[in-house]
Amino acid sequence: MGTELAGLIRADLAALNNDASRLAVVAPPVDAGHAALGDGSGDFSFAQSMKNALVSVDQDQQVANQKMADVDSGKSDDLVGAMLSSQQANLSFSMLMQVRNKVMGAVDELLKLPV
């Protein structure tokens, strides 16, 4: 049973890593002085990476909203660019939600472990 559970955790972790790498392709993390890499000692901060992803998704949404508002008000005639920005923001948000769901599933599995 313990081996099966360890295998499930490894599979969930692999799926989470795949989702995180796809998120990086869709919306690259914000370069905040490489804060996600820790203090240079090789530490990885998952919390900081998630914060960076949230900021990136929020920025994508704000850019899409601004482009749509410009098209609506007549300031811009780039409807295709506005729609592409909107789709990119939508895909970024969807990927972030998938990563969140995988993390929550992994936490639920950890909580089910016998102590």
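Predicted model, so just to flag it, every value in this text is computed and none were measured.

Trainee: Explanation requested: the environment of methionine 50 in the structure shown.
Mentor: Within the secondary structure, methionine 50 is located in helix α2 (residues 46-73). Not counting the four nearest positions on each side in its chain, methionine 50 is found in contact with Leu96 and Val99.

Trainee: Teacher, can you tell me more about α2 here?
Mentor: In an α-helix, one turn spans 3.6 residues, which is why side chains three or four residues apart end up on the same side. Taking 1.5 Å per residue, 28 residues should reach 40 Å; α2 reaches 40 Å between its end C-alpha atoms and fits that length. Every buried residue belonging to α2 is among Asn52, Ala53, Ser56, Val57, Asp60, Ala64 and Asp70, and all of these are buried. Backbone geometry just after α2 places glycine 74 at a positive phi near 90 degrees.

Trainee: Looking at this structure, I do not really get the confidence of the model for the chain. What am I missing?
Mentor: Predicted coordinates in regions of low pLDDT should not be interpreted in detail. Per-residue confidence for the chain gives a mean pLDDT of 80; residues scoring 70 or more make up 74%. Per-element mean pLDDT across the chain ranges from 67 in helix α1 (residues 2-26) up to 93 in helix α3 (residues 79-111). Within the model, the stretch residues 32-39 combines pLDDT values under 50 with ten contacts to residues more than four positions away or in other chains.

Cut-offs used in this document
Residues numbered from 1 in each chain as written. Predicted model: local features only at pLDDT ≥ 70, side-chain atom pairs only at ≥ 80, totals over all residues. Heavy atoms only, no water. Helix = DSSP H or I, 4+ residues; strand = E, 2+ residues; numbered from the N terminus. Contact = heavy atoms within 4.5 Å. Expected span 1.5 Å × (residues − 1). Buried < 20%, exposed > 50% of the residue type's maximum accessible area, 1.4 Å probe, protein only. pLDDT = per-residue confidence, 0-100.

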